[in-house]
Amino acid sequence: MAQYPSDMFPLSICTWVLQRFPHLEKNGFILIDAWPFMSPMLYVFDPEMSTQFTQVQSLPKSNDIKSEFRPLTGSKDLVTLDGPEWKFWRSVFNPGFSTKNLVAMTPAFLEEVRVFVDKLRAAAQSGEVLKIEGPATSLTIDVIARSVLGARLHSQTKEHPLQWALAKQISWLSPEYTPPSILKLVNPVRPILQWYYNRVIRNALAPSIRQNLSTQADGGGPGHGETKTVLSLAAKAYLAEKPQNTSSAQQANDEFASLAIPHLVMFLFAGHDTTATTLCFAYHLLHKHPPALARLRAEHDAVLCPDPSQAESQLTLNPQLLINALPYTTAVIKETLRLFAPAATVRQGQRGFFLTHPATGARYATEGMFVHQNSHATHHLASCGFPRPWEFLPERFLAPAAPAAEGDDDDDAAQLHVSRKNAFRPFELGPRACIGQELALLELKMILALTVRVFEIETYPAGAPAGAEVLGTYAVGHVSGHPKGGMPARVRVRV
Ligand code: HEM
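Just so it is clear, the structure is predicted and the values come from calculations on it, not from any experiment. (Residues numbered from 1 in each chain as written. Predicted model: local features only at pLDDT ≥ 70, side-chain atom pairs only at ≥ 80, totals over all residues. Heavy atoms only, no water.)

> Any chance you could explain the overall build of the protein chain here in plain terms?
The helix and strand inventory of the protein chain stands at 19 helices and 11 strands. The principal-axis extent of the C-alpha atoms belonging to the protein chain is close to 70 × 60 × 45 Å. Within the span of the protein chain, comprising 495 residues, buried residues form 55% of the whole. For the protein chain, the accessible area works out to roughly 21000 Å², and carbon and sulfur atoms hold 56% of it. Put simply, the protein chain has 45 plus and 44 minus side-chain charges, and the middle of one group is 5 Å from the middle of the other. (Helix = DSSP H or I, 4+ residues; strand = E, 2+ residues; numbered from the N terminus. Buried < 20%, exposed > 50% of the residue type's maximum accessible area, 1.4 Å probe, protein only. Areas by Shrake-Rupley, 256 points an atom, 1.4 Å probe, with all protein chains shown as cover. Lys, Arg positive; Asp, Glu negative; His and termini not counted. Charge placed at Lys NZ, Arg CZ, Asp CG, Glu CD.)

Take a look at the structure:
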């Protein structure tokens, strides 16, 4: 492993082990026991074995994930809850993340994207090298705040206390037990700072929660000219379950306000850096692949009018275009997520729960182990359904299932078809799949639609590890994957 960079995102370790020891691929998983730094971890990459603990049966989230997020949310958020409590809150929050509701918020999201476009324009004018991850992160924070709270944070123009405290809080999270993490864990200042950052976060959220609740109380919200935010729809679903007389209504409001906070914090956390990271890698991959960039621009010319300055008004008039009219843009985003999946699920192995190899029928115990769906490895193996796995080929997500007729030009495309079911899983699959995936896809499509024809974005990322030179970079980080060096780039205006 010494040949690989020490800062690489741990999700990719399994892939590098398989590159070094390809004979392990046939097992469908590898076991890494890095005691005392981590509990034994079953990295499962076979798509069928992955379905067994996420879809056929959904194992509870790992104890490690729960303790990692405890300082941030008290483990009372949608990512770490399990059982009936998780089920209840998922149903409360589902309506706000529906495609229909998100599409209705398109004008608000576009308003935030416009600020990002102005930032890119300013960087182009100054000629500076811009680390795109910074502005992309602020943009995604502003978008998630619009969707969830209905509030404008303006964190793209001035650091908002919520963004500041969240970033600080995340920097103290400790996902494993390596020496630097242990130093963090035993630092006596840690609990005091975490208490303080949580206080800042709660104080920053309180006005929006009150606002969303009073909208509900006034009979406003949906159908009354008010924005249907994730929070207002959740309040509606929650309060519908509660007694209607005045005093208990007040109690129910207070109860909702306090129970909703950990979920809101998790939405802000889970909803921003995954999306920002994906945007950075997408710009990078497009810069490295001019034919893909040309095809993307051609799709935008055809669907959104050849004049790029009209894209915003086109999308405001007809936001449905984002859902069903941009197949190549969707394929570019999916291919970026395939190569640089920023997150994955880790479950708690159980007594009596076995993984069964689909071909050999061999059964493997899971008790006492963490069971990790290693999307990075799944996505980088031809045997898992991804031919030419290290290449950036968005076409694979458009390729027809059946081989094309003899002499047909589509023959090459058919070879690329993702041939295995349940193999593409950047958002995970099954009941615990990402609640924000529609939002992330909508947002990314919107940002690409408003930027790729206006700007030339030349990325200069840090080098890639052996075996991944073709990608020109790699993901770093602990809690989720980030572009190495913040994705430095030079921006030029094209039109
Ligand atoms: C490109 C962007 C995104 C990626 C790749 C991504 C990926 C994932 C993955 C892999 C999981 C499963 C995690 C686990 O089981 O521990 C997940 C869950 C989750 N994600 Fe996302 N996510 C993205 C964007 C978002 C956004 C925009 C939100 C906004 C709210 C969000 C909120 C959540 C939540 C709350 C869960 C837990 C769902 C549950 O267990 O019911 N994510 N995401």
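> I would appreciate a short explanation of the coordination of the iron atom of the ligand in the present structure.
A four-donor tetrahedral metal ideally has 109.5 degree angles, and a six-donor octahedral metal ideally has angles of 90 or 180 degrees. Just one protein atom donates to the iron atom of the ligand; it is Cys434 (SG), sitting 2.3 Å from the metal. Position of Cys434 relative to the elements: it lies in the loop between α18 (411-416) and α19 (437-451). (Donors = N, O, S within 2.8 Å, 3.2 Å for Na, K, Ca; no water.)

> Would you take a moment to explain the packing of aromatic side chains for this structure?
For any pair of aromatic rings, the description rests on two quantities: the centre-to-centre distance and the angle between the ring planes. Summed over all chains, the structure comprises 16 aromatic pairs. On the basis of an interplanar angle of 25° and a centroid distance of 5.5 Å, the ring pair of Trp16 and Trp390 is categorised as stacked. Of this pair, Trp16 sits in helix α1 (residues 13-20) while Trp390 sits in the loop between α17 (375-379) and α18, and the two are 374 residues apart along the sequence. Assessed through its relative accessible area of 3%, Trp16 is described here as buried. The class of Trp390 is buried, set by a relative accessible area of 15%. By the ring-pair criterion, three or more aromatic residues cluster together here, those being Phe88, Trp89, Phe93, Phe97, Tyr238, Phe256 and Phe267. A cation sits over an aromatic face here: Arg363 above Phe354, 4.3 Å from the ring centre. (Phe/Tyr/Trp six-rings, centres within 6.5 Å; stacked < 30°, edge-to-face > 60°. Lys NZ or Arg CZ within 6 Å of the ring centre and 35° of its normal.)

> How should I be thinking about the UniProt feature "binding site: heme" (unreviewed entry) in the protein chain in this particular structure?
Summarizing the sequence annotation, UniProt attributes the feature "binding site: heme" (unreviewed entry) to Cys434 in the numbering used throughout. Among the residues examined, Cys434 registers a relative accessible area of 31% and is labelled partly exposed. Dropping the residues within four chain positions of it, Cys434 is found in contact with Arg90 and Phe427. (UniProt positions renumbered as here; feature names shortened; annotations may be inferred. Contact = heavy atoms within 4.5 Å.)

> I keep staring at a nonpolar patch on the surface and nothing clicks. Help me out?
A cluster of nonpolar side chains, contributed by Ile182, Leu183, Leu185 and Val186, occupies part of the molecular surface with about 360 Å² of accessible area. Structurally, Ile182 is set in helix α9 (residues 179-186). The class of Ile182 is partly exposed, set by a relative accessible area of 37%. (Patch = residues over 30% accessible without salt bridge, like charges linked within 9 Å, V, L, I, M, F, W, Y side chains within 5 Å. Salt bridge = Lys/Arg side-chain N within 4 Å of Asp/Glu carboxyl O.)

> What am I meant to see in the nonpolar core here?
In this structure, Leu205, Phe256, Phe267, Tyr283 and Leu315 are the most contacted members of the largest nonpolar core, which totals 135 residues. At 18 residues, helix α12 (residues 246-288) tops the list of elements feeding residues into this core. Contact partners of Tyr283, with chain neighbours within four places excluded, come to Phe116, Leu120, Ile132, Ile447, Leu448, Thr451, Val452, Ile457 and Thr459. Ranked by size, the runner-up nonpolar core spans 10 residues in total, among them Leu42, Met49, Phe353 and Val371. (Core = buried A, V, L, I, M, F, W, Y, C linked by side-chain atoms within 4.5 Å.)

> Any chance you could explain the packing of helix α6 (residues 106-126) against helix α7 (residues 133-148) here in plain terms?
The relative placement of two packed helices comes down to the angle between their axes together with the axis-to-axis distance. Where α6 contacts α7, the two axes come as close as 9 Å, and the packing angle between them is 165°. When the interaxial angle is binned, α6 and α7 end up roughly antiparallel. α7 is crossed by α6, and the crossing has right-handed handedness. Between α6 and α7, the contacting residues are Ala108, Phe109, Glu111, Glu112, Val113, Phe116 and Lys119 on the first element and Pro135, Ala136, Leu139, Asp142, Val143, Arg146 and Ser147 on the second. (Axes fitted to C-alpha atoms, helices over the stretch in contact; angles between N-to-C directions. Parallel < 35°, antiparallel > 145°, perpendicular 65-115°, else oblique. Left-handed = near helix turned anticlockwise from the far one by under 90°.)

> How should I be thinking about unusual backbone geometry in this particular structure?
Backbone phi values are negative for most residues with the exception of glycine, while trans is the configuration of most peptide bonds. Here Glu428, not a glycine, exhibits a phi torsion of approximately 65°, which is positive. Assignment of secondary structure puts Glu428 in the loop between α18 and α19. Given a relative accessible area of 8%, Glu428 falls into the buried group.

> Could you clarify how one ought to interpret the sheet that holds strand β7 (residues 370-373) in this entry?
Whether parallel or antiparallel, the strands of a sheet pair through hydrogen bonds between backbone atoms. In spatial order, the strands read β1-β2-β7-β4; together these four strands make up an open sheet with mixed pairing. Only two strands of the sheet have a single partner each, and these edge strands are β1 (29-32) and β4 (346-348). Looking at each pair of strands side by side, their axes are set apart by 25° on average, direction ignored. As defined by bridge partners, β1 adjoins strand β2 (residues 41-44) across four bridges and the pair is classed as antiparallel. In the sheet register, Leu31 faces β2, and the bridge partner there is Leu42. (Pairing = 2+ DSSP bridges.)

> Could you clarify how one ought to interpret the site of the ligand in this entry?
With respect to spatial proximity, 26 residues lie near the ligand, and among them Trp86, Arg90, Thr345, Arg432 and Cys434 are the closest. Within the side chain of Arg90, a nitrogen or oxygen atom sits 2.7 Å from an oxygen atom of the ligand. One of the side-chain nitrogen or oxygen atoms of Arg432 is found 2.8 Å away from an oxygen atom of the ligand. Elements supplying a minimum of two residues to the shell around the ligand: α4 (83-93) and α12. Broken down by element, the shell around the ligand gets its largest block of residues, six residues, from α12. A per-class count over the shell around the ligand returns 17 nonpolar, six polar and three charged. (Near = heavy atom within 4 Å. Polar contact = N/O pair within 3.5 Å; in protein donor to acceptor, adjacent residues only side chain to side chain. Nonpolar A, V, L, I, M, F, W, Y, C, P; charged D, E, K, R; others polar.)

> Would you mind going over the environment of Thr140 with me for this structure?
Structurally, Thr140 is set in helix α7. With a relative accessible area of 1%, Thr140 lands in the buried category. Non-local contacts of Thr140, meaning those with residues more than four positions away in its chain, are made with Gly271, His272, Thr275, Ala276 and Glu443.

> How do you make sense of the pattern of salt bridges when you look at a structure like this?
When the charged atoms of two side chains with opposite charge come close together, those side chains can pair. By the definition in use, this model includes 21 salt bridges. Across the pair Asp46 and Arg420 runs a salt bridge whose closest N-O atoms are separated by 3.2 Å. Of this pair, Asp46 sits in the loop between β2 and α2 (47-56) while Arg420 sits in the loop between α18 and α19, placing them 374 residues apart in sequence. On the basis of relative accessible area, Asp46 is assigned to the buried category, the value being 9%. Relative accessible area serves as the criterion here: at 25%, Arg420 is assigned to the partly exposed category. In this structure, Arg492 engages Glu458 in a salt bridge whose closest nitrogen and oxygen atoms are separated by 3.8 Å. A residue pair is termed long-range when its members are at least 10 positions apart, and Arg492 in strand β11 (residues 488-493) and Glu458 in strand β8 (residues 455-459) qualify at 34 residues. In this structure Glu458 comes out as partly exposed when scored by relative accessible area, which is 23%. The structure contains a network of salt bridges with shared partners spanning Glu111, Glu112, Arg146 and Arg152.

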